[in-house]
Amino acid sequence: MADNGLLVIISGPSGSGKGTVVKKLRPENNFALSISMTTRKPRPGEIDGIDYFFCTPDEFKNIRDQNGFLEHAQFCGNFYGTPRFYVEEQIAKNKFVVLEIDVNGALQVKEKFENCILIFLIPPTMKELENRLILRNTESPETIEDRLYRAREEVKLIDKYDYLIINDEIDKAVEKINMVVMAENLRPSRNISTVKKLNGSEK
Ligand code: 5GP
C-alpha cells in the first residue's frame, strides 16, 4: 500500500460507458467511488444516493457557497458537483477515490491536487457514441444533439489527460484502469516511507 490516497478522475462523453465501467472498480482493489450531486432529474432506473444525490438548484447553491464541493461544473444546463467530505475522508484512508466527472471538473481538480491521474474513456468512434446515445433512449433528440456537441468539445481536450482508454469492451476497459492505477501506485514518489527505509534513514 502506497503512502497516500489517489484521486482517479474518469471523464468521457455521455454514452462512453463511464458509469458502467466505474461501477466495476472493486472496493477490494482499494477503490472508493465518489457519488456526485446534481440538479439533473433522475433517469428511469437511477437511484438517489447510488447514482447521484439528486437536489434542487437552491440546495446545490447552498452547498457550493459553503465550499462543500471539491469541484463543480455546469453541463448541458444542469449543475454537478463532487461532495468534498467523502473524498477527503477516503483519501485519508489511502483509497483510490474515483471521480466520474466532466472535463471542466477534471481540469479544476488537476489544478488543485498533485495526487491525481486523469483518464479519458471513449468509444472506438464518434459514430458509435452517437449510436449508443440513441439506443440508450434516455434523452430527447435535442438533448442528444447537445451532448454530442459537448462530446466533440471534450475530445479536443484529450491531450490534457494522462491516459486514453478506448471502451470497446467493458471488462477490458476496467482491466486497463486497474493496470494504470496499480502502475501509478508503484511510483517511488508514492512510496516515500519504503524509499526512506531502503535508504536507512527510517527503521
Ligand atoms: P450525466 O447527466 O450523463 O449523468 O452526466 C453528464 C456529465 O456530467 C458527465 O460527463 C459526467 O461525467 C459529468 N459529471 C457527473 N458528476 C459530476 C461532478 O460531480 N462534477 C463534474 N464536474 N461533472 C460531473
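Keep in mind the model is a prediction, meaning the values are calculated, not measured. (Residues numbered from 1 in each chain as written. Predicted model: local features only at pLDDT ≥ 70, side-chain atom pairs only at ≥ 80, totals over all residues. Heavy atoms only, no water.)

## Some words on the packing of aromatic side chains
Now for step 1: Tallied over the entire structure, the rule returns seven aromatic pairs.
Now for step 2: Between Y52 and Y80 the ring centres are 5.9 Å apart and the planes differ by 55°, which places this aromatic pair in the tilted class. You can see Y52 sitting in the loop between β3 (37-38) and β4 (53-54) and its partner Y80 sitting in strand β6 (residues 78-83), a full 28 residues away along the chain.
Now for step 3: For Y80, a relative accessible area of 14% translates into the label buried.
Now for step 4: A ring pair is formed by F120 and Y161, whose centres lie 5.2 Å apart and whose planes are at 85°; its orientation type is edge-to-face. One end of the pair, F120, is in strand β8 (residues 116-122); the other, Y161, is in the loop between α6 (141-155) and β9 (163-166), and 41 residues separate them in sequence.
Now for step 5: Taken together, Y52, F54, F75 and Y80 form an aromatic cluster joined through their ring pairs. (Phe/Tyr/Trp six-rings, centres within 6.5 Å; stacked < 30°, edge-to-face > 60°. Helix = DSSP H or I, 4+ residues; strand = E, 2+ residues; numbered from the N terminus. Buried < 20%, exposed > 50% of the residue type's maximum accessible area, 1.4 Å probe, protein only.)

## A look at the pattern of salt bridges
Now for step 1: Enumeration according to the criterion identifies 17 salt bridges in this entry.
Now for step 2: The salt bridge involving R84 is made with E88; its shortest N-O contact spans 3.4 Å. Within this pair, R84 and its partner E88 are both found in helix α3 (residues 84-92), separated by four residues, close to a single helical turn.
Now for step 3: A salt bridge links D102 to R150, with the nearest nitrogen and oxygen atoms 2.8 Å apart. (Salt bridge = Lys/Arg side-chain N within 4 Å of Asp/Glu carboxyl O.)

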